[in-house]
Amino acid sequence: MADKGESVEPTDTGARGRGFWVLWSLTAVIFALGVLLSRTTADPGELPRLWLLSGAAFFWMSFSWRGVLPRLTRVFVLTVVLVFVLGVLVALDGDVSITTAVRNAAALEVQSLLLCAGYRWARALLRSDPPDPAPGAARWRRELALEWAPGGARDLSALTLAAALSALAVVPVFGVPSLVGGDAGPRDVADWVVRVCVTSLVSVTALLAVASWSRQETSRRALLLPLIGTASLLLLVVALESDAAPLVWVVLLPSLYVASTFPVWATAAYSLGLGFGCLMVYPFTEQSGRAQPVVPDGYVIDLLVSVCAFVALTIALLNEHRNRLLRDLEAARRTAIRQTTMLRKVFEAMSDGFVVISPSADIRVHNQSAVDLLGRPLPDLSPGNWVDYFGLTRPDGAALDNAELLHTELLAVQPPTGPRRVLRQRVVPLDGHPRDGVMISLTDVTHQHERLGELSSFAGVVAHDLRAPLSSLEGWLELVGDALEHGRPDEAVALLMRARAANQRMQEIVADWLHHTVDLEGELRSTDFPLANPVAVVVSTHVGTGGHRFTVEVPHRVHADLAMVRQLMDNLVGNACKYTRPGQVAEVAITSTQSEPGWVRVDVADRGIGLPPGEEERIFEKFHRAAAHARDYQGSGVGLDLCRQIVERHGGRIHAWANDHGGTTVSFTLPAARSPR
């Protein structure tokens, strides 16, 4: 469907549908009836009243006129030809010459064309808002509503003005139609112009009824319209017969009632029926033999028909416009409610906290995430000091002043229950000005803050761990140079072996960090396998490099990532072999048991230097090394943290304790195999 106010492209003749041709043919019949009526109501010495045909021609042409200027479609050309032919036939019926008949028919044709063009041009100039097409209407009816149906008082006024100007325009060229001969006096011209305006209003009323009729809006109340119209005509007849012409204006009251309570199409149909009724009744009242008043009854009736149609249609169109605005407003309200509900749900579902506060620091609105992040309810009114109310500090624990609160990006809060959180705060002025209040967004960056701390520690640990082997490597290489310079090749070879050991230490440090990153970020690929397989690989490596003694008893199968379990065992066995007393051979026992249904427990026990008291849990923290051993034994502080995270990724638990042999036992659990051996 075309948008309102836009010209609709002409449709193909075959696509107009049966309803169009039925109404087009019915209009031709009405036009012919108008010919008969104009002949029977003509006064002696006059041609049939062609002004009756003017409105019918306007109505007929509107069916095929599309755009401001018409397109010469077959339907339009056929309509124009038939209007002219019927006009000639009407004139010839008055016993006049063919020249007079053609002149009057041409006047009717030109006046109708000028009326249509003037009305369409005025609508385009005014950018008229046409009434809504009837729901489910055929395309030609939608086109008729959008391009021709008046949308209000402006369009009706434009039509009346176009009718008056088109009627006046033909007088200098063709004279006043309906006159047999002689000069047209002012009263003749006025009579012609008034009658054309009246029939034009009646025609546009019919057009509006056709375009806006809707089966959905038809109800039993429509049966009241004929009764109201009949009562109005009876009142009109009584008023005219009793020489009480002012009483005829009481007929306007039923029109106001119809316009206020019925839809547009019903109002248009009523006004159309009233207009035709008045035109039919008037000749009978005119022939009553009574003296004519100063203002002829004909003018009174013409004015009555015009005013009734104009006022009724204006009120009905205003009602429709009001109802349309109310429908649009209701639709907008429903849409706003839906959007508000949706936005509220989104607002509440956000993981970030949002708080809107007034310039006086009172809370206007907030979501549940803000309460969860801050750890306590948010009061509507300011408690005076928000820092004390929520227990806010800086992330490093430094005190925070309430005046600095909105200017601090990172905040730390310790809820009454749960861990300490670090929040990132963003403050955005509403409407671009702080006087309107501000919106605060709170994002939990505890993990990122901890990660940043880990990265800082990582940089320090790596620098510290690499400094010693690099310094050793540099020192040994310097001694190698001195030995070669003084001709001591055997000593240089021994020194190079020590430099190689320092280089291997650096490789081990880099490998530790590489394993730490890859194992934690890699995908978990769990399968069923015998625990003895990765244990055998790890034990064989350490037996070959240090002559350590191992006791292995791991008969169980597990469901885990084989590569990660191998790395886990390598770290634990490596620590057991490394942390031995000077001059002592490492003794390591690796055993497994079915600790509970679905889980296999693995113990790695040594007879080394043991654990200092209080270090049982801390040794699994990242970058942590027991202070009592850090100086005598090299390490990065990531090996046991990696072990913990590998076990936890499999859903197990890991812990350590000092055993009865003075060494350390590390125990962890892994999921048991899901399929039998």
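In what follows, the accompanying structure is described. (Residues numbered from 1 in each chain as written. Predicted model: local features only at pLDDT ≥ 70, side-chain atom pairs only at ≥ 80, totals over all residues. Heavy atoms only, no water.)

Turning next to the overall build of the protein. Each helix and strand counted, the protein has 19 helices and 13 strands in total. In the protein, buried positions account for 45% of the 677 residues. Considering only residue pairs separated by 6 or more positions, the protein has 66% of its internal contacts joining residues 24 or more positions apart. Of the roughly 34400 Å² of accessible surface on the protein, 60% is carried by carbon and sulfur atoms. (Helix = DSSP H or I, 4+ residues; strand = E, 2+ residues; numbered from the N terminus. Buried < 20%, exposed > 50% of the residue type's maximum accessible area, 1.4 Å probe, protein only. Contact = heavy atoms within 4.5 Å. Areas by Shrake-Rupley, 256 points an atom, 1.4 Å probe, with all protein chains shown as cover.)

Turning our eyes to something else, we now look at the nonpolar core. Taken as a class, soluble globular proteins show a tendency for nonpolar side chains to be buried jointly. Within the largest apolar cluster, 53 residues are counted, with the highest numbers of intra-cluster contacts made by Phe 58, Leu 144, Trp 148, Leu 159, Trp 192, Val 193 and Leu 208. Contributions of two or more residues to this core are made by α2 (51-61), α3 (74-92), α4 (98-126), α5 (139-147), α6 (153-174), α7 (186-212), α10 (264-286) and α11 (297-349). Here this core gets 15 residues from one element, more than from any other, and that element is α7. With 37 residues, the next largest nonpolar core counts Val 538, Ile 590, Leu 642 and Ile 646 among its residues. (Core = buried A, V, L, I, M, F, W, Y, C linked by side-chain atoms within 4.5 Å.)

Right, let's talk about the packing of aromatic side chains for a bit. Across all of its chains, the model carries 10 aromatic pairs by this definition. With a centroid separation of 6.1 Å and an interplanar angle of 85°, the aromatic rings of Trp 65 and Trp 148 are classed as edge-to-face. Taken as a pair, Trp 65 in the loop between α2 and α3 and Trp 148 in the loop between α5 and α6 lie far apart in primary sequence, 83 residues in all. For the pair Trp 65 and Trp 148, one class covers both residues: buried. Note on Tyr 389 and Phe 390: the rings are 4.9 Å apart at their centroids and 85° apart in plane angle, and the pair reads as edge-to-face. (Phe/Tyr/Trp six-rings, centres within 6.5 Å; stacked < 30°, edge-to-face > 60°.)

Before going further, it helps to examine α5. Counted residue by residue, α5 has seven buried out of nine residues, so it is predominantly covered. Every buried residue of α5 is accounted for by Trp 140, Arg 141, Glu 143, Leu 144, Ala 145, Leu 146 and Glu 147.

A few words on a negative patch on the surface. A surface patch of like charges, here negative, comprises Glu 474, Glu 478, Asp 482 and Glu 485. Residue position: Asp 482 is located in helix α14 (residues 446-485). Among the residues examined, Asp 482 registers a relative accessible area of 33% and is labelled partly exposed. (Patch = residues over 30% accessible without salt bridge, like charges linked within 9 Å, V, L, I, M, F, W, Y side chains within 5 Å. Salt bridge = Lys/Arg side-chain N within 4 Å of Asp/Glu carboxyl O. Lys, Arg positive; Asp, Glu negative; His and termini not counted. Charge placed at Lys NZ, Arg CZ, Asp CG, Glu CD.)

Another aspect to go through is the sheet that holds strand β4 (residues 410-413). An order of β2-β1-β6-β5-β4-β3 is seen for the six strands of this open sheet, with the pairing classed as antiparallel. Sheet topology places β2 (363-366) and β3 (392-393) at the edges, where each strand pairs with a single neighbour. Pairing geometry for β4 and strand β5 (residues 421-429), over four bridges, is antiparallel. When the bridges of β5 are listed, Leu 410 appears paired with Arg 424. (Pairing = 2+ DSSP bridges.)

What follows covers the side chain of Asp 603. Relative to the helices and strands, Asp 603 is located in strand β11 (residues 599-606). At a separation of 3.1 Å, a polar atom in the side chain of Asp 603 contacts the side chain of Arg 601. Reaching out from Asp 603, the side chain makes a polar contact with the side chain of Ser 667 at a distance of 2.8 Å. When near neighbours in sequence (up to four residues on either side) are disregarded, Asp 603 contacts Ala 589, Ile 590, Thr 591, Thr 665, Val 666 and Ser 667. (Polar contact = N/O pair within 3.5 Å; in protein donor to acceptor, adjacent residues only side chain to side chain.)

As a further point, take the pattern of salt bridges. Evaluation of the coordinates by the stated rule reveals 12 salt bridges. Between Arg 333 and Glu 330 there is a salt bridge, and its shortest N-O distance comes to 2.7 Å. On the criterion of helical spacing, the pair formed by Arg 333 and Glu 330 is a turn pair, its members being three residues apart in helix α11. The class of Arg 333 is partly exposed, set by a relative accessible area of 43%. Relative accessible area serves as the criterion here: at 29%, Glu 330 is assigned to the partly exposed category. We note a salt bridge from Arg 344 to Glu 348, for which the minimum N-O separation is 3.0 Å. Here the residue Arg 344 and the residue Glu 348 both occupy positions in helix α11, the gap between them amounting to four residues, near one helical turn. The network of salt bridges with common partners includes Glu 330, Arg 333 and Arg 334.

What follows is about helix α19 (residues 639-649). Along α19, the positions that sit buried rather than exposed are Leu 640, Asp 641, Leu 642, Cys 643, Gln 645, Ile 646 and Val 647. Gly 651 sits one or two residues past α19 and shows a positive phi near 85°.

This part takes up unusual backbone geometry. With a phi angle near 70°, Ala 361 is a residue other than glycine that sits in the positive phi range. Its relative accessible area of 23% is what places Ala 361 among the partly exposed residues.

Let us now look at a nonpolar patch on the surface. On the surface, Leu 72, Val 77, Val 81, Phe 84, Val 85, Leu 89, Ile 98 and Val 102 cluster together into a nonpolar patch covering about 680 Å² of accessible area. Here the element with the most residues in the nonpolar patch is α3; it accounts for five residues. Relative to the elements of secondary structure, Ile 98 occurs in helix α4.

A few words now on the pairing of strand β13 (residues 664-671). In terms of burial, β13 is largely enclosed, as eight of its eight residues are buried. In terms of strand pairing, β11 meets β13 through seven bridges, oriented antiparallel. The partner of Trp 599 across the bridge, within β13, is Pro 671. Across five bridges, the pairing between strand β12 (residues 654-658) and β13 is antiparallel. Each residue of the ladder has a partner; that of Ile 654, found in β13, is Phe 668. Hairpin connection, β12 to β13: the antiparallel pair is bridged by five residues, and Gly 662 has positive phi, about 85°.

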